[in-house]
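Examination of the molecular architecture
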Amino acid sequence: MAEALARRQVAVTVVDQAPQPMSTLDPDMGELVHQAMEKLGIDVHTDTAVTGFDTDADGQVRSVLTTDGAVGTDAVVLGLGVRPNTALASQAGLPLGDHGGIRTDMQMRVLGHDQLWAGGDCVEVLNLVSGQYEHVPLGTHANKHGRVIGHNVAGSYATFPGVVGTAVSKVYNLEIARTGLRERDAAHAGFGYVTVTVRSGTRAAYFPGTQRLTVKMTAERHTGRLLGAQIVGNEGSAKRIDTAATALWNHMTVEEMTTLDLAYAPPFSPVWDPILVAARQASAAVRAAP
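Summary of the structure given here. (Residues numbered from 1 in each chain as written. Predicted model: local features only at pLDDT ≥ 70, side-chain atom pairs only at ≥ 80, totals over all residues. Heavy atoms only, no water.)

Comments concerning the overall build of the protein
- Along the protein, the regular secondary structure elements total eight helices and twelve strands.
- Dimensions along the principal axes, computed over C-alpha positions, put the protein at roughly 65 × 60 × 40 Å.
- Within the protein, the proportion of its 290 residues that are buried is 42%.
- In the protein, the proportion of contacts linking residues at least 24 apart, taken out of those at least 6 apart, comes to 54%.
- Total accessible area on the protein stands at roughly 15500 Å², and carbon and sulfur atoms take up 52% of it. (Helix = DSSP H or I, 4+ residues; strand = E, 2+ residues; numbered from the N terminus. Buried < 20%, exposed > 50% of the residue type's maximum accessible area, 1.4 Å probe, protein only. Contact = heavy atoms within 4.5 Å. Areas by Shrake-Rupley, 256 points an atom, 1.4 Å probe, with all protein chains shown as cover.)

Structure representation (structure tokens):
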């Protein structure tokens, strides 16, 4: 929304209580998004909480009150996140998880209710990397849930095993992608881990139109199991996250990833794709870990 308004020459201020915008990333990668927003002309205030609003006699908002002072405004857009709408399910006594979503089995049947199915934004799903349940309201998952439910209701058989936490977005020309665990997720799940950050190009360095991208990769200390990856870069960057997502799904180590047979030609990638460079450096970090 901030980008859409800024593109229409509206003066935009974003107030975010998180350390960086795009909290689905680690703060160091979120800083790259912060910089891109400011280049677009958006005034970004991080580590700042909204405490109230000042209005005039007609009820029109004139300023937003924050822990960092007042910000004058003509209009306010609130981004408050998404929560599962499960009040009815709770009243009916259906099992809810720690995040307020309905708990189901792999066939999307509500636990303890063999003839009741649930899917979409109202359910919690298993994160296959952390082994913990979470609420992930994405259309990709909801669509798969619907397919699984349809098969099972119709007498066939299908399952939804879980997710690895893959998502993609953009701010202006900056592409943003992540999969797996952030550093704080890994720590919360009890993993010892190492991280590496590499900067590379989307194409061979000598090829016209190559763009820059940054890849951050997290691996389990000692075992080298891939735990997560994040990518921030220009055109041609974000969909590389699918390689890491597939590696996560198959419980690969970063050492195993270094030998993946990925497509190469100068218009599409350097000889060593940035994902493989990150995996190689992560593998070295695992070997060097005490």
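Side note on helix H6 (residues 241-249)
- Listed in full, the buried residues belonging to H6 are Ile-241, Ala-244, Ala-245, Ala-247 and Leu-248. Buried positions in H6, seen along its axis, are confined to an arc of 160° and lie on one side of it.
- Considering only its buried residues, H6 is in contact with strand E9 (174-180), strand E12 (226-233), helix H7 (254-257) and helix H8 (274-288).
- One or two steps after H6, the chain reaches His-251, where phi turns positive at roughly 55°. (Arc of directions from axis to C-beta.)

Here we look at the sheet that holds strand E8 (residues 167-171)
- Reading across from one edge, E8-E9-E12-E11-E10 is the order of the five strands in this open sheet, with antiparallel pairing throughout. At either margin of the open sheet sits one strand with a lone partner, and together these are E8 and strand E10 (193-201). Averaged over all pairs of adjacent strands, the angle between strand axes in this sheet comes to 15°, irrespective of strand direction.
- Here H6 sits on the sheet and contacts E9 and E12; the angle it forms with E12, its principal contact strand, is near 175°. (Pairing = 2+ DSSP bridges. Axes fitted to C-alpha atoms, helices over the stretch in contact; angles between N-to-C directions.)

Considerations on a nonpolar patch on the surface
- On the surface, Val-50, Phe-53, Val-76, Leu-78 and Leu-80 cluster together into a nonpolar patch covering about 480 Å² of accessible area.
- Here Val-50 shows up in strand E3 (residues 50-55).
- Residue classification places Val-50 among the partly exposed positions, given a relative accessible area of 43%. (Patch = residues over 30% accessible without salt bridge, like charges linked within 9 Å, V, L, I, M, F, W, Y side chains within 5 Å. Salt bridge = Lys/Arg side-chain N within 4 Å of Asp/Glu carboxyl O.)

Some points on the pattern of salt bridges
- Evaluated as defined, the whole model comprises twelve salt bridges.
- Here Arg-103 makes a salt bridge to Glu-124, at a shortest N to O gap of 3.2 Å. A residue pair is termed long-range when its members are at least 10 positions apart, and Arg-103 in the loop between helix H3 (87-91) and strand E6 (125-126) and Glu-124 in the loop between H3 and E6 qualify at 21 residues.
- For Glu-124, a relative accessible area of 2% puts it in the buried group.
- Overlapping salt bridges, with partners in common, bring together Asp-26, Asp-28, Glu-183 and Lys-216 in one network.

Side note on the sheet that holds strand E5 (residues 69-72)
- Ordered in space as E3-E4-E5, the three strands form an open sheet in which the pairing is antiparallel. Each end of this open sheet is capped by a strand with a single partner; those strands are E3 and E5. The mean angle between the axes of side-by-side strands here comes to 25°, regardless of whether they run parallel or antiparallel.
- For E3 and strand E4 (residues 61-66), the ladder comprises five bridges, and the chain directions are antiparallel. The residue bridging Val-50 from the neighbouring strand is Thr-66, located in E4.

Brief notes about the packing of aromatic side chains
- Following the criterion strictly, the structure yields zero aromatic pairs and no others.
- Here Arg-103 stacks its cationic end above the ring of Tyr-133, 4.0 Å away from the centre of that ring.
- Across the ring face of Trp-272, the terminal group of Arg-280 is positioned such that the distance to the ring centre comes to 4.3 Å. (Phe/Tyr/Trp six-rings, centres within 6.5 Å; stacked < 30°, edge-to-face > 60°. Lys NZ or Arg CZ within 6 Å of the ring centre and 35° of its normal.)

Brief notes about the pairing of E8
- Where E8 and E9 come together, five bridges link them in antiparallel fashion. Counterpart to Val-171 in the pairing with E9 is Leu-174.
- Counted between consecutive antiparallel strands, the loop separating E8 from E9 contains two residues, among which Tyr-172 sits at a positive phi close to 55°.

Some points on the nonpolar core
- In this structure, Val-215, Met-217, Leu-226, Ile-231, Val-254, Met-257 and Ile-275 are the most contacted members of the largest nonpolar core, which totals 33 residues.
- Put simply, the parts of the chain that give this core at least two residues each are E10, strand E11 (212-220), E12, H6, H7 and H8.
- Looking at this core element by element, the count peaks at six residues for H8.
- One finds Ala-36, Leu-40, Leu-174 and Val-232 within the second-largest nonpolar core, a separate group that totals 16 residues. (Core = buried A, V, L, I, M, F, W, Y, C linked by side-chain atoms within 4.5 Å.)

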